[in-house]
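# A look at the structure
Here's the letter readout for the chains.
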Amino acid sequence: MKQAMAVNKKPFPWLKAFCAGVAAALPITIGLIFGNIEYGFLAGMGSFTYLYVFNIPYAQRAKKIFFVILGMCLVSVLGTFAAPYPLAIAILMGIIGATAIFIFGALRIKGPSAIFFVLVFAMTTGMPIQPELAPLRAGLVFLGGALSWIIAMFGWFYNPHGPETGVVQRVYLELASFLDSVGSKKYSEARHRVMSVLKEAEETLAAGYIPWRTTDLFNRLYLLNNHANKIFLFVLENYSNGHSNIPPELGQTVREIAHSLGHKDKSERVSKKILQPVEMDERVVHLFTKVYDADAIMNEPTSKINQTIQISKPSLKTLFMGALDKQSIVFITAIRFGVITIIAAIIAFQFGFIRSYWVPLSCVAVLSGATIVSTYHRAIQRGFGTILGILIASLILAAHPNGYLIALFILLLTFITELFIVKNYGLAALFFTPNALLMAESTSHDSFSFAYFASARIIDVAIGIFIGLIGVGFVGRRSASSRLPHLTTKTIRSQAQFLFILFSDQGESFIASKSRELKKMRTNIINLITLYNTAAGEIPINQKALEYYWSVIFAIEHLGFLLENCSKNEGRPFLSDEALSQLLYAFETMANASDRQCALILKSVPDIEGFPSITSEINRLQRSLC
């Protein structure tokens, strides 16, 4: 209860909240201007598209929002055709929810996932049964979504690479903190933060890359991120003993580079004079040289920077096939989501509730929690927020608002919802509930008393929450933690396969950074981290197992990062058959210990010339499995 009611300290997203309110209210206002508010409400359903807008590159945002619009149009058509058939509604609701959960999970897309697709589908099933209006309804939803797309892309005109700049700036800030932490107790934590933000930056830049349109700023950001990676790896290779310190001037200089990235005007993007200590050893001199190079990348003309951009990202096929694996928690969660939603919808229709779709909608909202714990949090938040929100909605509807007053209410409620969604889902539900009810019920010709309307909606929500909790309790209590040993074993073996092809002669035409072994290792690591995070939210929680696997997955993730970076280095050595045999034996011993969950006997790991950090990380992984 305490965790569910906690309010986090994230800042209010004022601009996004305002834009979301405008996107929701403008279609209704346009409908009023043209004398058809019902068309305005249909277009307003497409405005839910804006709720999928996050701080991602505009190139990715444009594609993501466009496909969300198409999804909204599709579910509105399906809802129109399925309206006369309760069983078809229930099955389609589950399929729509499961598909959205799977796609968002497989592609690791931020957003509210399935809930608004299910909501639009449910709202169209509650409209008058007129299948011939399916194209019209889909067209109006498309227009509302297109308006949201325009509002979402408006920032491109004045800051086209804002998200990419922000993530690279965070890379250099974390890198500065990492340099300051060398030789201290904070070294391991700072190292993990840098590695995480470097991976995030690489994914963000890959998402923002447009082959036929690369700008000067994007090129610099890409090269700066690559250079930060080189600085990070240099420190790992030369300061891994944890006893040496780096002069504080270096961290200050890197931090200054990060701050200068925040200036939009190129003339202001000039770092202060690089500070240097009086005495420096050879390693520190190399580090300062690399910092000079980073400063040059940021300020020198691009003609003087003789480097090319090589964007590498997994294909959609690779991502979907990885998520379809029988051990993938994404696939399992999607199936669970679909089945429970279908059951909730069938129960609602069997008992003949007024507006039966509010039962499965409440169930969907609860199931949208990423873990069992977050599902319980959602249930508590949804319960309190929805009950109070229904009272607000009932008061608004009892006053019989019409015309521009409805548009104003929707603007205000959407604005407040987006403000509070970052603070607490329950606070957002307090305002989202009356918003959805206002859109769904204001065009209805049914006449209900305040008491009847409020009690009916509260009962629907309570039943939906109860079904969601029961379903999760029976289906997914220990589904994640029970799969950790097997997937850990599989990931370790995939790392052994990738390491083998890295340090053995595979022929001149072989490119390790594009190999299937790399794709397999990357997919396994992503699935393993997702699985662990899900297991961390199970009830009851196996704290001992989580503490054990935390150090194991920590080492696996770091080793994967080092191996992936090594694949980009063409000067890596070829190891002897004896050395490779030792490495493979060590990995198979670790995999066997993980699979059988038995004690591990440490094996000797040969040194890899030029890559001592890889050897250190393999030894760390062995110790974690002991």
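Before reading further, recall that the structure is shown in the block above.
If you're wondering where the values come from, they're calculated on a predicted model, not measured in any experiment.

A word on the overall build of the chain. Helix and strand counts for the chain stand at 24 helices and zero strands. For 626 residues, the compact-globule estimate of 2.2 N^0.38 gives 25 Å, and the chain sits close to it at 27 Å. In terms of overall dimensions, the chain has C-alpha extents of about 80 × 60 × 45 Å along its principal axes. When the 626 residues of the chain are sorted by exposure, 52% land in the buried category. The long-range share in the chain, meaning contacts at least 24 apart out of those at least 6 apart in sequence, stands at 79%. Counting every atom, the chain has about 28,800 Å² of accessible surface; 62% of that belongs to carbon and sulfur. Between the averaged position of the 54 positive side-chain charges in the chain and that of its 41 negative side-chain charges there is a distance of 6 Å.

A word on unusual backbone geometry. The backbone phi angle of Arg108 is positive, close to 50°, even though this residue is not glycine. Relative to the helices and strands, Arg108 resides in the loop between α5 (86–106) and α6 (115–125). Residue Arg108 is classed as partly exposed on the basis of its relative accessible area of 43%. Of note in the backbone geometry, Ser113 takes a positive phi value of approximately 60° without being a glycine. Note on placement: Ser113 falls in the loop between α5 and α6.

Axes are the key here: two packed helices are described by the angle between their axes and the distance separating the axes. Running from N to C, helix α2 (residues 14–33) and helix α7 (residues 134–152) cross one another at 150°; their axes reach a closest spacing of 10 Å. As summarised for this structure, α2 and α7 are arranged roughly antiparallel, according to the angle between their axes. Considering only the axes of α2 and α7, their crossing is right-handed. Along the contact surface, α2 presents Cys19, Val22, Ala23, Leu26 and Pro27, while α7 presents Leu147, Ser148 and Ile151. When its residues are assigned to classes, the contact of α2 with α7 shows seven nonpolar, one polar and no charged.

The subject of this paragraph is the packing of α5 against α6. It is at 9 Å that the axes of α5 and α6 come closest, and there the two elements cross at 160°. Considered as vectors, α5 and α6 are oriented roughly antiparallel to each other. Between α5 and α6 the crossing geometry is right-handed. Of the residues in α6, those in contact with Ile89, Leu92, Met93, Ile96, Gly97, Ala100 and Phe104 of α5 are Phe117, Val118, Phe121, Ala122 and Thr125. Classifying every residue of the contact of α5 with α6 gives 10 nonpolar, two polar and no charged.

In this section: the packing of aromatic side chains. Scanning all chains against the criterion turns up 22 aromatic pairs. Each ring, one from Phe178 and one from Tyr187, has its centre 5.4 Å from the other, and the planes form 35°; the classification is tilted. Of the residues examined, Tyr187 reaches a relative accessible area of 11% and is grouped as buried. Here Phe503 and Phe611 contribute two aromatic rings whose centre-to-centre distance is 6.1 Å and whose plane-to-plane angle is 65°, an arrangement assigned as edge-to-face. Placement of the pair is Phe503 in the loop between α20 (484–502) and α21 (516–535) and Phe611 in the loop between α23 (577–596) and α24 (612–625), with a sequence separation of 108 residues. Considered together, Phe503 and Phe611 belong to a single accessibility category, that of buried residues. Among the aromatic side chains, those forming a connected cluster through ring pairs are Phe48, Tyr52, Phe104, Phe116, Phe117 and Phe432. The lysine or arginine in question, Lys16, covers the ring of Phe54, its NZ or CZ lying 4.0 Å from the ring centre. It is Lys423 that lies over the ring of Phe12; its NZ or CZ is 4.7 Å from the centre.

Below, the discussion takes up a nonpolar patch on the surface. A cluster of nonpolar side chains, contributed by Phe66, Phe67, Leu70, Phe142, Leu143, Trp149 and Ile150, occupies part of the molecular surface with about 670 Å² of accessible area. Here Phe142 falls in the partly exposed class, since its relative accessible area comes to 32%.

In this section: the environment of Thr491. Here Thr491 is to be found in helix α20. We classify Thr491 as buried; its relative accessible area is 0%. For the pair formed by Thr491 and Glu557, sequence separation is 66 residues and the distance between their alpha carbons is 9.9 Å.

Under the criterion given, the structure shown has four cavities of 30 Å³ or more. If you trace the largest cavity, you find 13 residues lining it, with Trp358, Leu361, Arg382, Phe432 and Ala436 closest to the centre. Elements that contribute at least two residues to the lining of the largest cavity include exactly α6, α15 (358–367), α16 (372–398), α18 (425–441) and α19 (450–475). Among the elements that make up the lining of the largest cavity, the one with the highest residue count is α18 (four residues). Considered class by class, the residues forming the lining of the largest cavity number nine nonpolar, two polar and two charged. Approximately 100 Å³ is the volume attributed to the second largest cavity.

Our focus in this paragraph is helix α3 (residues 37–46). Most of α3 sits out of view: seven of its 10 residues are buried. Residues of α3 that are buried: Gly40, Phe41, Leu42, Ala43, Gly44, Met45 and Gly46.

With that settled, consider the pattern of salt bridges. Considering all chains together, one arrives at 13 salt bridges under this definition. One salt bridge in this structure joins Glu174 and Arg193, with 3.0 Å as the shortest N-O distance. Of this pair, Glu174 sits in helix α8 (residues 162–181) while Arg193 sits in helix α9 (residues 187–208), and the two are 19 residues apart along the sequence. Look at Arg193 and you get partly exposed, because its relative accessible area is 32%. Residue Glu557 is joined to Lys199 by a salt bridge in which the shortest nitrogen-to-oxygen separation is 3.3 Å. Placement of Glu557 in helix α22 (residues 543–566) and of Lys199 in helix α9 is noted, with a sequence separation of 358 residues between them. Residue class for Glu557 comes out buried when judged on its relative accessible area of 12%. Counted as one network, the salt bridges with shared partners bring together Glu174, Glu189 and Arg193.

With that settled, consider the nonpolar core. Inside soluble globular proteins, nonpolar side chains tend to come together where they are buried. With 90 residues, the main nonpolar core has Tyr172, Phe503 and Ile614 as its most contacted residues. Broken down by element, the residue count for this core peaks at 12 residues, all from helix α10 (residues 216–238). Dropping the residues within four chain positions of it, Phe503 is found in contact with Cys566, Arg572, Pro573, Phe574, Leu575, Leu580, Ile608, Phe611 and Ile614. Grouped together as the second largest cluster of nonpolar side chains are 86 residues, Ile65, Ala106, Ile151 and Cys363 included.

Reading the values: rules and limits
Residues numbered from 1 in each chain as written. Predicted model: local features only at pLDDT ≥ 70, side-chain atom pairs only at ≥ 80, totals over all residues. Heavy atoms only, no water. Helix = DSSP H or I, 4+ residues; strand = E, 2+ residues; numbered from the N terminus. Rg over C-alpha atoms; globule rule 2.2 N^0.38 Å. Buried < 20%, exposed > 50% of the residue type's maximum accessible area, 1.4 Å probe, protein only. Contact = heavy atoms within 4.5 Å. Areas by Shrake-Rupley, 256 points an atom, 1.4 Å probe, with all protein chains shown as cover. Lys, Arg positive; Asp, Glu negative; His and termini not counted. Charge placed at Lys NZ, Arg CZ, Asp CG, Glu CD. Axes fitted to C-alpha atoms, helices over the stretch in contact; angles between N-to-C directions. Parallel < 35°, antiparallel > 145°, perpendicular 65-115°, else oblique. Left-handed = near helix turned anticlockwise from the far one by under 90°. Nonpolar A, V, L, I, M, F, W, Y, C, P; charged D, E, K, R; others polar. Phe/Tyr/Trp six-rings, centres within 6.5 Å; stacked < 30°, edge-to-face > 60°. Lys NZ or Arg CZ within 6 Å of the ring centre and 35° of its normal. Patch = residues over 30% accessible without salt bridge, like charges linked within 9 Å, V, L, I, M, F, W, Y side chains within 5 Å. Salt bridge = Lys/Arg side-chain N within 4 Å of Asp/Glu carboxyl O. 1 Å grid on protein atoms, 1.4 Å probe; cavity = no way out; pocket = protein on both sides within 12 Å on 5 of 7 lines; lining within 4 Å. Points joined across faces, edges and corners; volume = space filled by probe spheres on them. Core = buried A, V, L, I, M, F, W, Y, C linked by side-chain atoms within 4.5 Å.

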